Amino acid sequence: MTQDEMKFAVAQAALKYVVKNTIIGVGTGSTANFFIDALAKIKNDIKGAVASSKVTSQRLESHGIKVFDLNEVKAISVYIDGADESDDSLNLIKGGGGALTREKIVAAVADQFICIADESKLVTIMGDFPLPVEVIPMASNYVKQQISQRIGGTPTVRENFVTDNGNLILDIKDLKITNPKSMETELNSITGVVTNGLFANRGADVLLLGTPNDVKVVTV
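Note that the coordinates shown come from a computational prediction; the quantities given were computed from them, not determined experimentally.

> What is the right way to read the overall build of the protein from this model?
When helices and strands are tallied, the protein shows 6 helices and 14 strands. For 220 residues, the compact-globule estimate of 2.2 N^0.38 gives 17 Å, and the C-alpha radius of gyration of the protein, at 17 Å, lies within 12% of that figure. With 220 residues in all, the protein has 53% of them scored as buried. Of all intrachain contacts in the protein linking residues separated by at least 6 positions in sequence, the fraction that spans at least 24 positions is 73%.

> Explain the environment of Val 157 here, please?
Locating Val 157 in the fold gives a position in strand E9 (residues 154-157). In this structure the C-alpha to C-alpha distance between Val 157 and Gly 203, which are 46 residues apart in sequence, comes to 25 Å. Non-local contacts of Val 157, meaning those with residues more than four positions away in its chain, are made with Lys 144, Leu 168, Ile 169 and Leu 170.

> Quick question: what am I supposed to make of unusual backbone geometry here?
Peptide bonds are trans in most cases, and residues, glycine excluded, mostly fall at negative phi. A positive phi angle is found at Leu 90, which is not glycine, with a value near 65°. Take Leu 90: it is sitting in the loop between strand E5 (85-86) and strand E6 (92-93). Notably, Asn 160 is not glycine yet its phi reads approximately 55°, a positive angle. Relative to the assigned elements, Asn 160 resides in the loop between E9 and strand E10 (168-173).

> For this particular structure, what's the right way to read the sheet that holds strand E1 (residues 23-26)?
Here 7 strands make up an open sheet; going across it, the order is E3-E2-E1-E4-E7-E13-E14 and the pairing mixed. Each having just a single partner strand, strand E3 (67-68) and strand E14 (215-218) make up the two edges of the open sheet. The sheet contact formed by E1 and strand E2 (residues 48-51) spans 4 bridges and is parallel. Bridge pairing links Val 26 to Ala 51 in E2. Contacts between helix H2 (residues 30-39) and the sheet are confined to E1, strand E4 (79-81) and strand E7 (113-118), with E1 contributing the most and set at about 150° to the helix.

> Whenever I open this one, the sheet that holds E5 confuses me. Can you help?
Strand pairing in a sheet relies on backbone hydrogen bonds. The paired strands run either parallel or antiparallel. Spatial ordering of the open sheet is given by E5-E6-E12, a layout of 3 strands whose pairing is antiparallel. Two strands close off the open sheet at either side, each with one partner strand: E5 and strand E12 (198-199). Where E6 and E12 come together, 2 bridges link them in antiparallel fashion. Considered in E12, the bridge of Ile 93 is made with Leu 198.

> When you look at the environment of Lys 41 in this model, what are you seeing that I'm missing?
Summarising the element assignment, Lys 41 is placed in the loop between H2 and E2. Taking relative accessible area as the criterion, Lys 41 reaches 62% and is therefore assigned exposed. Separated by 22 residues in the primary sequence, Lys 41 and His 63 place their C-alpha atoms 9.1 Å from one another.

> Is there a simple way to think about the pairing of E7 in this case?
Taken residue by residue, a regular strand's side chains alternate between the two faces of the sheet. Most of E7 is tucked away: 6 of the 6 residues are buried. Here E7 shows no split at all, with Phe 113, Cys 115 and Ala 117 on one side and Ile 114, Ile 116 and Asp 118 on the other all buried. Across 3 bridges, E4 lies against E7 in parallel orientation. Following the sheet pairing, Asp 81 is matched in E7 by Cys 115. With 5 bridges connecting them, E7 and strand E13 (residues 206-210) associate as parallel partners. Bridge assignment links Ile 114 to a residue of E13, and that residue is Val 206.

Rules behind the numbers
Residues numbered from 1 in each chain as written. Predicted model: local features only at pLDDT ≥ 70, side-chain atom pairs only at ≥ 80, totals over all residues. Heavy atoms only, no water. Helix = DSSP H or I, 4+ residues; strand = E, 2+ residues; numbered from the N terminus. Rg over C-alpha atoms; globule rule 2.2 N^0.38 Å. Buried < 20%, exposed > 50% of the residue type's maximum accessible area, 1.4 Å probe, protein only. Contact = heavy atoms within 4.5 Å. Pairing = 2+ DSSP bridges. Axes fitted to C-alpha atoms, helices over the stretch in contact; angles between N-to-C directions.

As structure tokens, this is what we get:
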């Protein structure tokens, strides 16, 4: 199976976690796009969705799926999204597409978080994928200095990119993330940081992993 075929397979497998007659959360990225296309087939089974980005909202609406503002809903039954990396404990790095803040908010509200990915995303120690950090523009240099002093790694501003919230992304390279929960908390304590792409204090509940043979279900 190709990588796209594995993404298609996990997107189809994620449909069984969709709770009927509820509002669900939908993430951003190539794997999430496969899920949105699959969700269109059962769109009448749900009330609608909360999107984690403008791009996702547009794709949902193009399929005739009602999109809600998060402030309009009382609950989200399940959040389904991809990841850039996952470890065996289902701690994640997300934000390669720059939607990490809204993704983290929707994941926090949801009763359950289902992560869908191909097998290349599962690693022993995270950090090969640069860790995104969303920052207030005026604080970018200060945050870079603080990251270098307190966390390590090499933070650089993502070129020609602005988030849906009007902020910048710093991508931290050269990390070996052995304690993702404490690193997530430490990064978020730096003034000027909106949030970072570690989903560890609220990681995934289930990881659906596409492999060449089938979809593997990983839980902790």
